[in-house]
Amino acid sequence: MRLPQIQGIRALAVVLVLLYHAKFLPGGYIGVDIFYVISGYLITSLLLRECEKTDGISFARFYLRRIKRLLPASSLVLIITALVSWWVYPSILRADLGRDIAAASLYISNYFFALWQMDYQNLDAIPPVVIHYWSLAVEEQFYLLWPLIIYLLYKFGKRRTVGIGIAVITLMSFLLSLFLTSASPLWAFYFLPTRAWELGIGALVLFVPAKWRDFQGFAWLAVIAIGYSAARFTDATAFPGTAALFPVLATALTLASVKNWPKVIDTSSRLPVIQWLGNISYPLYLWHWPVLVIPNLYLGRDLSIMERLMAILLTLILADLTHRFVEQPLRVREFSRTRILASAVLITILTLILSIIIINSHNNQVILKSGEQFSLESVLAQPKIYQDGCHLENGQTIPAQCTYGTKDSRRKIVLFGDSHAAQWFPALEKMAYENGFALISFTKSACPGPAIRKVNKGGYKNSDCSKWRDNVYKRIAELKPEAVLVSGMKYFQRPEGYQSRAQWWQEGQRKTLLALRGLTPKVIYIADTPHPKQDIPSCLSSKKARDCDNTERTPSITVDGYLLVDPTPWLCARNCPAVLDGIVTYRDASHISVEMSTSLSAQMARALRALGLDLG
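Not measured: the values here are computed from a predicted model.

Draft legend 1. How the structure looks around the overall build of the chain. Across its full length, the chain holds 25 helices and eleven strands. For 616 residues, the compact-globule estimate of 2.2 N^0.38 gives 25 Å, and the C-alpha radius of gyration of the chain, at 28 Å, lies within 12% of that figure. When the backbone C-alpha atoms are referred to their principal axes, the chain occupies close to 85 × 50 × 45 Å. Here the chain holds 616 residues, and the buried ones make up 56% of them. Here the analysis covers contacts within the chain between residues at least 6 apart in sequence; of these, 78% occur between residues at least 24 apart. For the chain, the accessible surface area stands at approximately 26,500 Å², while carbon and sulfur atoms represent 61% of it. Both charge centroids of the chain, one from 63 positive and one from 44 negative side chains, sit 7 Å from each other.

Written as structure tokens, this is what we have:
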């Protein structure tokens, strides 16, 4: 079914996603949801029409048609992306690259990205180059199951039962989506059962009575809802959940009234450029992310506006060529079943072999141009509190019983904050053993010591941090430590309502200081460390060390009542080097390495003694 109006909706969907990843539209990721509704509508229409015509479904013909339609372009882009990335990626990242390529080739990447904690809405400094294949995996898994479901429902009670069955499945999927969006956001985002309702809504459009389809206002309501979602949704929006209702129901309205659109919308959808975008929407989606992210990785920085516009232009060219010379010729050409299946198996095997070769080209050594070598394993190592279960993650609110150093000492010092507090654990543990005091660690990812209010995003919830801090305060009251060392990362997204980052951070500092008043004689604030502009180990493995020496100093922000330790002078002189005294300074794009932290133990001890803290 290639109605020009549907091609217009496809064009809108892919442009939204493209603008989102090019950082021009905060909520453009809803384009994926629009695609899902279209797919549910078209595939169910095809299957239902076949059931009513032949009283059954040719499963072989259906699956072969899907393979022929989707596999050639996706495999072409995947293989080219793998080869180019293999050349561009530092050798220390190739194991992850090969793993991602393998998952994408098997159409199970959505589950693996969820397991590997790849947050599509909050991609880190080195995002997977094929992370966008997750949506294709969801759709292919839907195609695998949906024909059988439709067939069984039709056999049980014809069209009416099909409609009831789809409605029940859609409702169950939506309720699961609501639950997991709150309980486990990553699984809600990537999981077929939490996305199936969107395809189900598209399928239910087929059962909308004809008398309800004549209202032209449906299209205008859809335009408003999609426009609002694309402009107002952000990476912080809990998704899919209830937020996905906006683009999903809007798309369903456009499909239900597709033959009765207002003239201006209908005419716009038929414009040659819109039809062209609709025709190339599939390869455009496939190409856009690698074209945007590979230059980012190669240059070691974010792309400028002009570079992003050039990437969009290149994406359009590649998509058009793929449509013209791959999609179109194969769509009209007939192949035997055996040849289609054999080709699908062969190309999947070849892609898997390529991924294995890429994985085996991984090198655990960071080798500088000067000849210095560093073990990747040691550079990327996290403080031992991560392995001990003493550093909490999202959702956890009960602090663990974690004491280090001289555990039975009457002198106790508490470390309190997020991962930027945890990065100082190696230095403090060394001091604890050398000076005979007990070190108690209370750290939790994304929950700084200063009780700031952050933007709820992904698996992060302000309420979890508040509960955790309250529990920590109770433990500190029981411990009566000599000092509490408070720290945290300042570079989180600042919520609305604050005129400056300093105002926001100082508000959190005051709250924590008030909560700790009377619980300890000394509240010491360890200012945040300098902020790398890129992933330092990756930069060192692919460039000259001096090209990685662009880490930014972090201004120290504090309020009266805290004693201050500022580590910036220990890490920066004329600049903030990536390698300091023969040690790689950072383990990623944020945290100092364990070896660097340990090496700064003496400086930390001197700073704490200067503040009057008796370390022994």
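Draft legend 2. Expanded view of the packing of helix H2 (residues 31-54) against helix H3 (residues 59-88). Where H2 contacts H3, the two axes come as close as 12 Å, and the packing angle between them is 155 degrees. In terms of their interaxial angle, H2 and H3 are classed as roughly antiparallel. Here the hand of the crossing between H2 and H3 comes out right-handed. Listed contacts from H3 to Ile-43, Leu-46, Leu-47 and Glu-50 of H2 are Arg-61, Phe-62, Arg-65 and Arg-66. When grouped by side-chain class, the residues that make up the contact of H2 with H3 number four nonpolar, no polar and four charged.

Draft legend 3. Examining the pattern of salt bridges more closely. Evaluated as defined, the whole model comprises 17 salt bridges. Ionic pairing is found between Glu-327 and Arg-69, a salt bridge with its closest N-O pair at 2.7 Å. With a gap of 258 residues between them, Glu-327 in helix H14 (residues 305-332) and Arg-69 in helix H3 connect regions that are remote in the sequence. Within the structure, one salt-bridge network assembled from shared partners comprises Asp-33, Arg-195 and Glu-198.

Draft legend 4. The pairing of strand E6 (residues 438-444), seen in detail. With seven of its seven residues buried, E6 lies for the most part within the structure. Here E6 shows no split at all, with Ala-438, Ile-440, Phe-442 and Lys-444 on one side and Leu-439, Ser-441 and Thr-443 on the other all buried. Across two bridges, the pairing between strand E3 (residues 391-392) and E6 is parallel. Each bridged residue has a counterpart across the sheet, and for Leu-392 the counterpart in E6 is Lys-444. Looking at chain direction, strand E4 (residues 403-405) and E6 are connected through three bridges and run antiparallel. By the bridge assignment for E6, Thr-403 is matched with Ile-440. Relative to E6, strand E5 (residues 412-417) runs parallel, the two sharing six bridges.

Draft legend 5. The packing of H2 against helix H6 (residues 133-183), seen in detail. Close contact between H2 and H6 brings their axes to 9 Å; oriented N to C, the two are set at 40 degrees. On the basis of the axis angle, H2 is oblique to H6. Of the two possible hands of crossing, H2 and H6 adopt the one that is right-handed. Contacts between H2 and H6 involve Val-32, Tyr-36, Ser-39, Ile-43, Thr-44, Leu-47, Leu-48, Cys-51 and Glu-52 on the former and, on the latter, Trp-134, Ser-135, Val-138, Glu-139, Tyr-143, Trp-146, Pro-147, Ile-150, Tyr-154, Arg-159, Val-162 and Ile-166. Split into classes, the residues belonging to the contact of H2 with H6 amount to 15 nonpolar, three polar and three charged.

Draft legend 6. Broad picture of the layout of surface pockets. In this model, the second largest pocket occupies a volume close to 1,300 Å³. Lining of the second largest pocket is provided by 44 residues; of these, Arg-10, Arg-65, Arg-66, Arg-69 and Leu-70 occupy positions nearest its centre. Looking at the lining of the second largest pocket element by element, the count peaks at ten residues for H2. Grouping the constituent residues of the lining of the second largest pocket by class yields 20 nonpolar, ten polar and 14 charged.

Draft legend 7. Local environment of helix H13 (residues 281-299). Between its first and last C-alpha, H13 extends 28 Å over 19 residues, near the 27 Å set by a 1.5 Å rise per residue. Of all the 19 residues making up H13, 16 are buried; the element is thus mostly covered by neighbouring parts of the structure. Within two residues after H13, Gly-300 carries a phi angle of roughly 75 degrees, on the positive side.

Draft legend 8. The side chain of Glu-50, seen in detail. Here Glu-50 lies in helix H2. With a relative accessible area of 11%, Glu-50 lands in the buried category. Engagement of the side chain of Glu-50 in a polar contact is seen with the side chain of Arg-61, the distance being 3.0 Å. Those residues in contact with Glu-50, other than ones at most four positions away along the chain, are Asp-55, Gly-56, Ile-57, Ser-58 and Arg-61.

What counts and how
- Residues numbered from 1 in each chain as written.
- Predicted model: local features only at pLDDT ≥ 70, side-chain atom pairs only at ≥ 80, totals over all residues.
- Heavy atoms only, no water.
- Helix = DSSP H or I, 4+ residues; strand = E, 2+ residues; numbered from the N terminus.
- Rg over C-alpha atoms; globule rule 2.2 N^0.38 Å.
- Buried < 20%, exposed > 50% of the residue type's maximum accessible area, 1.4 Å probe, protein only.
- Contact = heavy atoms within 4.5 Å.
- Areas by Shrake-Rupley, 256 points an atom, 1.4 Å probe, with all protein chains shown as cover.
- Lys, Arg positive; Asp, Glu negative; His and termini not counted.
- Charge placed at Lys NZ, Arg CZ, Asp CG, Glu CD.
- Axes fitted to C-alpha atoms, helices over the stretch in contact; angles between N-to-C directions.
- Parallel < 35°, antiparallel > 145°, perpendicular 65-115°, else oblique.
- Left-handed = near helix turned anticlockwise from the far one by under 90°.
- Nonpolar A, V, L, I, M, F, W, Y, C, P; charged D, E, K, R; others polar.
- Salt bridge = Lys/Arg side-chain N within 4 Å of Asp/Glu carboxyl O.
- Pairing = 2+ DSSP bridges.
- 1 Å grid on protein atoms, 1.4 Å probe; cavity = no way out; pocket = protein on both sides within 12 Å on 5 of 7 lines; lining within 4 Å.
- Points joined across faces, edges and corners; volume = space filled by probe spheres on them.
- Expected span 1.5 Å × (residues − 1).
- Polar contact = N/O pair within 3.5 Å; in protein donor to acceptor, adjacent residues only side chain to side chain.

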